[in-house]
Amino acid sequence: MMFSMPNHWREELRLFLGIVLIACLAGALSGQLLLCLLLGLLVYLGWHVFQLARLPRLLAQKDQQGPSPVGLWKDIVRQIREQRDSSQSRRLDLSYELDSYRNAVNTLPDAVVILDPAGRVDWSNPAAGNLLNIFWPDSRGRLLTDLAPDPVLAEYLAGGNFATPLTITSPANRAKILSIFMAPLDHDVSRLMIVARDITREYYLDASRRDFVANVSHELRTPLTVISGLSEQLNMGEPDPATLQRSTGLILQQASRMSELVSDLLTLSRLEMQQESAADEPVPIAELLTTIVEEAHTLSGAAQHVLQLDIRSPEGLRGNAKELHTAFSNLVSNAIRHTPNLSEVTIKWLVDHEGAHLSVTDSGEGIAARHIPRLTERLYRVDASHSRDTGGTGLGLAIVKHILEGHEANLEIISSVGGGSTFTCHFPPERVTSL
Ligand code: ADP
């Protein structure tokens, strides 16, 4: 195999031999060979020192006038320039990547904070201001425990066990609930990354789901206790006909209460599952209300309520006839159940430039102002025992609200204790249809 010498070595060798040759010639001519060789070597050494001295300028490419480097120096300068250029372009790439990561983190709705080993803020994104009271760059260098003074958070931070996320109220807004996740940074475990997520909605949904399950269980347990108690009594001996009749009557009553509750629960769950109103058909409201009034007469029975139907407009509604029937008859049956015998209940249908309005007005017991905003909550009742006596499940108005939402409508409640109540469903003009 042939050995091939790299160019720069060849050049270097030529330079060296050239100097030695000149020194030899000068030595031969002068008879001072040794001195001339020594001088030649000094020139060679001086050339290298000169190249070393101008290296920084050569690298900065400021030295345009001087001789261009040859031999080994040519290669050294080339190699250093190449390395410098590649590290410069890597630096540019890295800073571009860092900028894009920062921009991505800055647009996150979650708060992201980096803490130094002393627990001071090193960096944070804009969401950290809204959620944790940490503002970049003003909060830089400040202790997390000063900016978000929460004893639970401080204890969690000091404990160092971040396996399960922490739930706290936001130090920036007490109405918000945060889930806090902490982890040491991969490349520098002495620094911590904190991610705070706003879980207010999930938190309250979960709480309301838990309350709802507890309330429904309670509602079902009461009639079940009555039914099992009475059945046990009947089972124990030979009841006389009067006791038998009374007990079976009570059992039937409690069973029908349970079945009503389960049926309302199913209606509600069906309504909650469907995103939009199932049908969009023209519904003749005057006809629908006439049917509801007939049913209400049956419900009122011996109580003989006076039912007034006041149809002021011939138009109907675009919507789901079955659902609208359920919503309106819930309002009418509420009015009957909460109004004394023989008193008046008025059902009015009116269309104007703002839309369509169905109102049910009674002259009953009325509702205190503090209860009104909560009436459409599932199982909320002003007086639970009274409502049970009058046959309510506590789900009626929640069902009404859902049905109205599916028809882009809303429910207005005007009431005062002892002054009766008016429940009005307001539909947008787009829902009105002439039949
Ligand atoms: P319920 O089935 O118990 O009537 P609703 O959801 O229909 O449940 O109503 C919730 C509560 O609102 C009732 O328990 C009752 O206290 C109150 N309420 C509803 N309608 C009337 C009304 N017309 N007059 C007085 N109170 C009413």
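Residues numbered from 1 in each chain as written. Predicted model: local features only at pLDDT ≥ 70, side-chain atom pairs only at ≥ 80, totals over all residues. Heavy atoms only, no water.

Scanning the protein for helices and strands turns up 13 helices and 13 strands. Against the globule reference of 22 Å for 435 residues, the protein gives a C-alpha radius of gyration of 44 Å, more extended than a compact globule. Counting only C-alpha atoms, the protein reaches 150 × 60 × 50 Å along its principal axes. Counting the 435 residues in the protein, one finds 37% classified as buried. Once local pairs closer than 6 in sequence are excluded, the contacts in the protein between residues at least 24 apart make up 57%. Only carbon and sulfur atoms are counted for the fraction: they give 58% of the accessible area of the protein, which is about 26,000 Å². (Helix = DSSP H or I, 4+ residues; strand = E, 2+ residues; numbered from the N terminus. Rg over C-alpha atoms; globule rule 2.2 N^0.38 Å. Buried < 20%, exposed > 50% of the residue type's maximum accessible area, 1.4 Å probe, protein only. Contact = heavy atoms within 4.5 Å. Areas by Shrake-Rupley, 256 points an atom, 1.4 Å probe, with all protein chains shown as cover.)

What follows concerns the domain arrangement of the protein. In terms of domains, the protein is made up of domain 1 (7-85), domain 2 (108-198), domain 3 (204-273) and domain 4 (281-433). On a C-alpha basis, the centres of domain 1 and domain 2 stand 61 Å from each other. (Domains from an automatic or database assignment.)

Once that is clear, we can look at the pairing of strand β5 (residues 192-198). The two faces of the sheet receive side chains in turn, since in a regular strand these alternate between them. Pairing between strand β1 (residues 111-115) and β5: five bridges, direction antiparallel. Across the sheet, residue Ala 111 finds its bridge partner in β5, namely Ala 196. Of the pairings in the sheet, the one linking strand β4 (residues 177-184) to β5 comprises seven bridges and is antiparallel in character. The partner of Ser 179 across the bridge, within β5, is Arg 197. (Pairing = 2+ DSSP bridges.)

Together, Leu 35, Leu 38, Leu 39, Leu 42, Leu 45 and Val 49 make up an exposed nonpolar region whose accessible area comes to about 590 Å². Relative to the assigned elements, Leu 45 resides in helix α2 (residues 33-53). (Patch = residues over 30% accessible without salt bridge, like charges linked within 9 Å, V, L, I, M, F, W, Y side chains within 5 Å. Salt bridge = Lys/Arg side-chain N within 4 Å of Asp/Glu carboxyl O.)

Note on aromatic pairs: each is described by the distance of the centres and the angle between the planes. Scanning all chains against the criterion turns up six aromatic pairs. Seen from their ring centres, Trp 47 and Phe 50 are 6.4 Å apart, and the 40° between their planes marks the pair as tilted. One end of the pair is Trp 47 and the other is Phe 50, both in helix α2 and three residues apart, which spans about a single turn. Taking relative accessible area as the criterion, Phe 50 reaches 39% and is therefore assigned partly exposed. Look at Tyr 203 and Tyr 204: their rings are 5.3 Å apart centre to centre, the planes differ by 90°, and that puts the pair in the edge-to-face class. On the accessibility criterion, Tyr 203 (38% relative accessible area) is partly exposed. Looking at Arg 378, its charged tip hangs above the ring of Phe 212, at a distance of 4.0 Å from the centre. (Phe/Tyr/Trp six-rings, centres within 6.5 Å; stacked < 30°, edge-to-face > 60°. Lys NZ or Arg CZ within 6 Å of the ring centre and 35° of its normal.)

This next bit is on the pattern of salt bridges. Close approach of charged atoms allows side chains of opposite charge to pair. Going through the model one piece at a time under the given rule, you end up with 16 salt bridges. The salt bridge involving Lys 74 is made with Glu 11; its shortest N-O contact spans 3.4 Å. Pair noted here: Lys 74 is in helix α4 (residues 71-107) and Glu 11 is in helix α1 (residues 7-30), with a separation of 63 residues, a long-range link. Using a relative accessible area of 44% as the deciding quantity, one classes Lys 74 as partly exposed. Among the salt bridges present, the one from Arg 209 reaches Asp 206, with a minimum N-O distance of 2.8 Å. Taken together, the residues Arg 209 and Asp 206, both in helix α8 (residues 200-236) and three residues apart, mark about one turn of the helix. With relative accessibility at 46%, the residue Arg 209 sits in the partly exposed group.

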